[in-house]
Amino acid sequence: MAEESDLEKTEPASPRRLEKAREEGQVARSRELVTFVMLTTGVGALWTLGDMIGGHFDSALRNGLQFERASAFDASHMMVQAGTAVLHAMQALMPVLLMMLVAALVAPMMLGGWLLSGKSLAPNFSKLNPVAGIGRMFSAESLAELVKTIVKSLLVGGVAWWVISGKLDAIMALMNEPARAALPHALYLVVGSCALIIASLLLVALIDVPYQLWSHARKLRMSREDLRQEQKESDGDPQVKAQIRRQQQQMARRRMMAEVPKADIVVTNPTHFAVALKYHDKDMRAPRVVAKGSDLVALRIRAMAEEHKVPVLEAPPLTRALFRHTQLGDEIPAALYAAVAEVLAWAYQLNRAGTDGGALPRTPRDLPVPESLDPLGSPA
């Protein structure tokens, strides 16, 4: 039962899921809202610019009904008249078309905003599957769209019949008016009737917008398993992250071990800790830690130092202090300068004795390590 509840898509979409859906071109859209905005803009433009549009159509009608003797003998004259009529029509309709173009660009911003997604334009051959197509035809979403279309048709058709039947007398009266007066009156009758019909679409849009928002949210709902998987992908798989950390540690350890043969001295605890130090007076202000480790890593550092004849000194307090208070590449603390200087001097004397011969130097004892730096609190 727990597995079934995890697979049920009962959780709202996460911000990442919404962003991914938007990148794929999936946003809430309402065709009814866009249709209402565009028709309202067109009717408003016709109402506002009715005088100008009527004047242009009046000129086009007069020029089209005029017949001159030259037109009967010159075909080019007829083309000129046709071009003039087209020009008048374009001048009349261009403002309306521009306003509707702006409405077509602005309307999507009211729900979902503008969206330019190349993924939505990519070919999807799964949509050509006839079985899937039949399934979509008889899905709950298609049924809802069918019901919405029927209700919208009945509503708009009923309002249109009511509006037109109430204006039949005015429409019939246009036949008794002169052409100059009939054209603007007809235009105002058409615009007024269309405005009342479009007003019915407002009710459709007010119902469709919440439905589209709910439908879009329902499609993007996630199961608890989806949320866990998304969280795992965003944070990273713990097993993969652990593997990466192990690889990084191994690489860092290999780089560290490669520095041991170049060290000047290795101090040990003697077996629990090991720290390798290096100092060049020309490019270093103070000795630096080039390798350090505990337990098995400490044993490897010591073995590699002995293999490459790097001096190894058992200095437990100093080793513990260096291991606790330094990181790889760090300069030693100033409080340990004296102790480290003593062990470095011993290492240089030991190397010189091995190269030139002579007595071995005295092994340093009781190094000056402050008790505050020694984790055990007292020097050995």
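Before reading on, note that the structure itself is shown above.
From a predicted model like this one, the values you see are computed outputs, not experimental measurements.

A word on the overall build of the protein chain. Check the secondary structure of the protein chain and you find 15 helices and four strands. By the burial criterion, 29% of the 380 residues in the protein chain qualify as buried. Long-range contacts, defined here as pairs at least 24 residues apart, represent 75% of the contacts in the protein chain between residues at least 6 apart. Just so you have it, the protein chain exposes about 24,600 Å², and 63% of that area is on carbon and sulfur atoms.

Within this model, the largest pocket holds a volume of roughly 390 Å³. Along the wall of the largest pocket there are 15 residues; nearest its centre are Val27, Arg29, Glu141, Gln212 and Lys219. Those elements that provide at least two residues to the lining of the largest pocket are helix H3 (31-48), helix H8 (140-166) and helix H10 (179-219). Here the lining of the largest pocket gets five residues from one element, more than from any other, and that element is H10. Of the volumes computed, that of the second largest pocket is approximately 180 Å³. Listed by contribution, the elements that provide at least two residues to the lining of the second largest pocket are H8 and H10. Residue contributions to the lining of the second largest pocket peak at six residues, all from H8. Looking at the lining of the second largest pocket residue by residue, the classes come out as eight nonpolar, no polar and three charged.

What follows concerns a nonpolar patch on the surface. Side chains of Phe57, Val86, Met90, Leu93, Met94, Leu97, Leu98, Leu101, Val102, Leu105 and Val106 sit close together on the surface and give an oily, nonpolar patch of about 960 Å² of accessible area. Tallying contributions element by element places helix H6 (residues 75-106) first for the nonpolar patch, with ten residues. Of note, Leu93 is situated in helix H6. Accessibility expressed as a relative area gives 36% for Leu93, which makes it partly exposed.

With 21 residues, the main nonpolar core has Ile265, Leu277, Leu318, Leu322, Leu336 and Val340 as its most contacted residues. Sorting elements by how many residues they give to this core places helix H15 (residues 337-356) first, with six residues. Not counting the four nearest positions on each side in its chain, Leu322 is found in contact with Val267, Val275, Leu277, Ile332, Pro333 and Leu336. Grouped together as the second largest cluster of nonpolar side chains are 14 residues, Met256, Ala263, Ala274 and Val297 included.

Moving on to H3. Helix length check: H3, at 18 residues, gives a terminal C-alpha distance of 25 Å against a target of 26 Å (1.5 Å per residue), a fit within 8%. For H3, the complete set of buried residues consists of Glu32, Leu33, Phe36, Val37, Thr41, Gly42, Val43 and Ala45.

With that out of the way, let us pick up the packing of aromatic side chains. Tallied over the full model, the rule gives two aromatic pairs. When the ring of Phe273 is compared with that of Phe323, the centres are 4.5 Å apart and the planes differ by 40°; the resulting orientation is tilted. Of this pair, Phe273 sits in strand E2 (residues 273-278) while Phe323 sits in helix H14 (residues 316-325); the two residues are 50 residues apart in sequence, bridging distant segments of the chain. For Phe323, a relative accessible area of 22% puts it in the partly exposed group. Lys292 extends its terminal NZ or CZ atom over the ring of Phe323, reaching a point 4.7 Å from the ring centre.

This part is about the sheet that holds strand E1 (residues 265-268). Reading across from one edge, E3-E2-E1-E4 is the order of the four strands in this open sheet, with mixed pairing throughout. The open sheet has two edge strands, strand E3 (288-294) and strand E4 (312-314), and neither has a second partner. On average, each strand axis in the sheet is tilted by 20° relative to the strand beside it, whichever way the strands run. Sheet topology note: the E1/E2 ladder contains four bridges and is antiparallel. Following the sheet pairing, Ile265 is matched in E2 by Leu277. The strands touched by H14 within the sheet are E1, E2, E3 and E4, with E2 carrying the most contacts at an inclination of about 80°. The strands touched by H15 within the sheet are E1, E2 and E4, with E1 carrying the most contacts at an inclination of about 125°.

Inspection of the secondary structure assignment puts Ser200 in helix H10. Given a relative accessible area of 9%, Ser200 falls into the buried group. Filtering out sequence-adjacent residues up to four positions away, Ser200 remains in contact with Leu155, Val156 and Val159.

Reading guide: rules and limits
- Residues numbered from 1 in each chain as written.
- Predicted model: local features only at pLDDT ≥ 70, side-chain atom pairs only at ≥ 80, totals over all residues.
- Heavy atoms only, no water.
- Helix = DSSP H or I, 4+ residues; strand = E, 2+ residues; numbered from the N terminus.
- Buried < 20%, exposed > 50% of the residue type's maximum accessible area, 1.4 Å probe, protein only.
- Contact = heavy atoms within 4.5 Å.
- Areas by Shrake-Rupley, 256 points an atom, 1.4 Å probe, with all protein chains shown as cover.
- 1 Å grid on protein atoms, 1.4 Å probe; cavity = no way out; pocket = protein on both sides within 12 Å on 5 of 7 lines; lining within 4 Å.
- Points joined across faces, edges and corners; volume = space filled by probe spheres on them.
- Nonpolar A, V, L, I, M, F, W, Y, C, P; charged D, E, K, R; others polar.
- Patch = residues over 30% accessible without salt bridge, like charges linked within 9 Å, V, L, I, M, F, W, Y side chains within 5 Å.
- Salt bridge = Lys/Arg side-chain N within 4 Å of Asp/Glu carboxyl O.
- Core = buried A, V, L, I, M, F, W, Y, C linked by side-chain atoms within 4.5 Å.
- Expected span 1.5 Å × (residues − 1).
- Phe/Tyr/Trp six-rings, centres within 6.5 Å; stacked < 30°, edge-to-face > 60°.
- Lys NZ or Arg CZ within 6 Å of the ring centre and 35° of its normal.
- Pairing = 2+ DSSP bridges.
- Axes fitted to C-alpha atoms, helices over the stretch in contact; angles between N-to-C directions.

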